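Spelled out, the chains give:
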Amino acid sequence: MMFSTKRIHLRKVEKCDAENYHKWRNDMEVMISTNLSLDLNTMEDTRSFVEDVLMSSSSSKSYIIVEREDEIPIGITSLIHIDYKNRNAEAIIDIGEKEYWGKGYGSEAFRLLLNYAFKELNLHRVSLKVFSFNEKAMNLYKKLGFQEEGISRQSLYRNGQWNDIIHMGILKEEYDKKK
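So, a few notes on the structure that sits alongside this text. (Residues numbered from 1 in each chain as written. Predicted model: local features only at pLDDT ≥ 70, side-chain atom pairs only at ≥ 80, totals over all residues. Heavy atoms only, no water.)

Here strand β3 (residues 72–83) lies mainly inside the structure; nine of its twelve residues are buried. As defined by bridge partners, strand β2 (residues 61–67) adjoins β3 across seven bridges and the pair is classed as antiparallel. Following the sheet pairing, Ile-64 is matched in β3 by Ile-76. If you look at the hairpin formed by β2 and β3, you'll find four residues sitting between the two strands, and Glu-71 has a positive phi there, around 55 degrees. With seven bridges joining them, β3 and strand β4 (residues 88–95) adopt antiparallel strand pairing. Residue pairing for β4: Asp-83 is matched across the bridge by Asn-88. Linking β3 back to β4 in an antiparallel pair, the connection comprises four residues, with Arg-87 at a positive phi of about 55 degrees. (Buried < 20%, exposed > 50% of the residue type's maximum accessible area, 1.4 Å probe, protein only. Helix = DSSP H or I, 4+ residues; strand = E, 2+ residues; numbered from the N terminus. Pairing = 2+ DSSP bridges.)

Right, let's talk about the nonpolar core for a bit. With 36 residues, the main nonpolar core has Leu-79, Phe-110, Leu-114, Val-126, Tyr-141 and Phe-146 as its most contacted residues. When contributions to this core are tallied by element, the ones reaching two or more residues are β1 (8–12), β2, β3, β4, α4 (105–119), β5 (125–131), α5 (135–144) and β7 (161–171). Broken down by element, the residue count for this core peaks at nine residues, all from α4. With near-sequence residues (within four places) excluded, Tyr-141 lies in contact with Ile-93, Phe-110, Leu-128, Val-130, Phe-146 and Met-168. In terms of nonpolar packing, the next biggest core, distinct from the first, is built from nine residues, Val-13, Tyr-21, Leu-54 and Ile-64 among them. (Core = buried A, V, L, I, M, F, W, Y, C linked by side-chain atoms within 4.5 Å. Contact = heavy atoms within 4.5 Å.)

As structure tokens, this is what we get:
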């Protein structure tokens, strides 16, 4: 199926996801390697973000990653800044439940998202940004076929140090060859 593997499935974000999302976005260990600005959010801020951005945006599609066996929401993945004219978008992912880190769930979810982007939305290009200190994510993206396209030098200040943001992208034809 388009939105599932043996271990996970993706489903649209719903209002009831605000609680889990709130927990993930306030966990600095989760956000430190993926979020540009670290801050604590109120539950009301999170509810508004879920309803106004994750559920209502015409230029993004967001999905909760659900572990199939126990139906546990473990993270979120999205296509954002979808440009239908030029057929490209940016992809993001967060595995919010730390006990699922390093077990291939992110890779499975990202493959599902890319398959949807290229096979259903008929996108030509998907890009992403990754922080230079997030080597595990960079390795995953390269394994999926993403290529480094550029660097925003010293554009992220984290833990008292300047870090680069690496820009990566994959074209539909590259994805098809890699598959």
